[in-house]
Amino acid sequence: MFNARRNVFQLTSRVLTASREAAQTCAKSTFATHRGAALEVAPLNSTKLSSVKNGQGWTALTFAAAGLAAAASQMSPVGDCAGGEGKGSAAAGLKPGKASANPTVVFVLGGPGAGKGTQCSNIVRDYGFCHLSAGDLLRAHMKSGSKDGNMVAEMIKNGQIVPSEVTILLLQKAMKESGKDKFLIDGFPRNAENRDAFEKVMGFDCDFVLFFDCPEDVMETRLLGRNEGRTDDNIESIRKRFKVFIESSMPVVQYYESLGKVNRVIANKSPEAVYADTKKLFDPYLKESALKATTKLLASIDASDWDTYRGLLDSGLTAFEPEAKGHLVEGIPFHQYLFAQAQALPPTSSKIPPVMSTMSTPKVTLLGGGSSALVTYTRLIQRPGAMLINPPSESDETSKQSPPGWWHPAPQPQTSTSSGPTASFVGPPTTQSVQETRVWERCDDSSGVAWKLMHFHRS
Ligand SMILES: Nc1ncnc2c1ncn2[C@@H]1O[C@H](COP(=O)(O)OP(=O)(O)OP(=O)(O)O)[C@@H](O)[C@H]1O
Ligand SMILES: O=c1ccn([C@@H]2O[C@H](COP(=O)(O)O)[C@@H](O)[C@H]2O)c(=O)[nH]1
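Scoring rules and cut-offs
- Residues numbered from 1 in each chain as written.
- Chains lettered and ligands numbered in written order.
- Predicted model: local features only at pLDDT ≥ 70, side-chain atom pairs only at ≥ 80, totals over all residues.
- Heavy atoms only, no water.
- Near = heavy atom within 4 Å.
- Polar contact = N/O pair within 3.5 Å; in protein donor to acceptor, adjacent residues only side chain to side chain.
- Areas by Shrake-Rupley, 256 points an atom, 1.4 Å probe, with all protein chains shown as cover.
- Helix = DSSP H or I, 4+ residues; strand = E, 2+ residues; numbered from the N terminus.
- Nonpolar A, V, L, I, M, F, W, Y, C, P; charged D, E, K, R; others polar.
- Core = buried A, V, L, I, M, F, W, Y, C linked by side-chain atoms within 4.5 Å.
- Buried < 20%, exposed > 50% of the residue type's maximum accessible area, 1.4 Å probe, protein only.
- Contact = heavy atoms within 4.5 Å.
- pLDDT = per-residue confidence, 0-100.
- UniProt positions renumbered as here; feature names shortened; annotations may be inferred.

Per an unreviewed UniProt entry, the recorded name for the chain is UMP-CMP kinase, and the organism is Cymbomonas tetramitiformis.

In structure tokens form, the structure reads like this:
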């Protein structure tokens, strides 16, 4: 006979190491994607994080990291950098309040036939989440000829809850293999023990519970009409499933309700009407990703990292910026030329980043049902002072240079083998403020939601 309690314990201790490794991998890749690679390799160990809560509940983070530009240049060698919209600089940043590198998990709960799977397909299409149905994973497991397949088949037919260790291992494997970081976990956790084991094994909990609330008679009619050949879509199994749902699964919903983590959607409406209510809950994730793209773009400008910057641009990019003297510039070369200027500068001997941008009061508006995003903010640009090229003796004023225009490109950090002219800075430090508007268009890839910059406007 299956000893669920003992096996859960074994599973918990066995999988903790793996999940810790997974969490570390995930943390690394999240950082690498968004900006943290720079943080990890920052050579000066002086990364200072200051945070500001703004009206939208976002936390503005300024990465006052002397190492950011240097780290970015390690990722993208000096010779590869050309300049961009281009102002050489150091670092800019803004992240949503969520501090953890854990994946985003939404538990999708509701009675059998409430429409969880139907709505999850819509969310996957529009928001790039990975949908993992615990029931589907168990059914595939049951058919795979595994040694506990018969037990799982019998339990599904009777509407019973399969032991946590089986389900959680399947979920964990699927999460790892997906390569994604945002998950809809559908039909799980089914009881308190499932919930507890998930948190222990994975080391994190859900962001929220999406609960589809539907009367039993409606669900029964739907299930009897589903016609997908499921062994449990018959009236006998359906009644058992309803009973298990009320007795074991509803307490999970109530538990999350006590934590204020349940978003209840009335599911006794047309699929379209249910989705209209559901989709509102996911718009913040799309806004977050558009903001992350903007953060990454500013960091690449600050670091004169042309490769990263170019990767975020649409080839038909249009722009109004002061450098274009009132003209609408179309295409890439104008921006590439500005990055190239940074490349031509001598390396800096200063340990202070040449430029640091901070995004203040950002606002993201989704357009076209989320196919585009308009990001507006004020950008604060700090510099350590005027740049000196090859500073000779203090009495020689001729080599002093003022920052050209509203920006100056970031010189690359000096390497130990550098010879020839160098750049350094003389005070006083300055802060400039410009208003920027950026229009992003969705161009999702295999890892999920992705954005390309179509247009920007800087005051
Ligand atoms: N809002 C709706 N109105 C009418 N029919 C619906 C609605 N949503 C889903 N259905 C239909 O009801 C059936 C059950 O839907 P679905 O499979 O999405 O439910 P579920 O909650 O995932 O079920 P289970 O828990 O059994 O996996 C399907 O045939 C689906 O097409
Ligand atoms: O976490 C879970 C999820 C599902 N089960 C079993 O599978 C069936 C069918 O689940 P659906 O969500 O309707 O696809 C369910 O009745 C359980 O027997 C489970 O044990 N644990």
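**Q** It is not clear to me how the site of ligand 2 should be interpreted in this structure. Could you clarify?
**A** Around ligand 2, the surrounding shell holds 17 residues, and the nearest of these are Arg139, Gln160, Val162, Arg190 and Arg230. Arginine 230 has a polar side-chain atom sitting 2.9 Å from an oxygen atom of ligand 2. A total of 450 Å² of accessible area belongs to ligand 2 in isolation, and the protein chains cover 96% of it. The greatest single-element share of the shell around ligand 2, amounting to four residues, is contributed by helix α5 (residues 134-143). Within the shell around ligand 2, the residues separate by chemical class into seven nonpolar, five polar and five charged.

**Q** What should I look at first to understand the nonpolar core in this one?
**A** A general feature of soluble globular proteins is that nonpolar side chains tend to end up buried together. Judged by nonpolar contacts, the single largest core of 48 residues is most densely connected at Val106, Leu210 and Phe282. The greatest single-element share of this core, amounting to eight residues, is contributed by helix α12 (residues 283-302). Non-local contacts of leucine 210, meaning those with residues more than four positions away in its chain, are made with Val106, Phe107, Val108, Leu109, Ile123, Asn263, Val265, Thr278, Leu281 and Phe282. By size, the runner-up hydrophobic cluster in this structure holds 27 residues, among which are Leu109, Met250, Val252 and Val262.

**Q** Would you take a moment to explain the confidence of the model for the chain for this structure?
**A** Low pLDDT marks regions whose predicted coordinates should not be analysed in detail. Residues with a pLDDT of 70 or more make up 71% of the chain, whose mean pLDDT is 77. When the criterion is pLDDT under 50, residues 395-400 qualifies, and its contacts beyond four places in sequence or with other chains add up to seven contacts. Segment residues 402-409: pLDDT under 50, and 35 contacts once partners within four positions in sequence are set aside and those in other chains are kept. Interface confidence in the predicted complex, given as ipTM, is 0.99; pTM for the same model is 0.75.

**Q** What is the right way to look at the UniProt feature "binding site: a ribonucleoside 5'-phosphate" (unreviewed entry) in the chain in this model?
**A** The sites that UniProt annotates as "binding site: a ribonucleoside 5'-phosphate" (unreviewed entry) are Arg139, Gln160, Ile161, Val162, Gly187, Phe188, Pro189, Arg190, Arg230 and Arg241. Mapped onto the elements of the fold, valine 162 is located in the loop between α6 (149-157) and α7 (164-178). Residue classification places valine 162 among the buried residues on the basis of a relative accessible area of 4%. In contact with valine 162, other than residues within four places in its own chain, are Leu138, Val152, Met155, Thr167 and Asn194. The topology assignment puts arginine 230 in the loop between α9 (216-224) and α10 (235-258). Residues contacting arginine 230, with those up to four places away along its chain left out, are Arg139 and Arg241.

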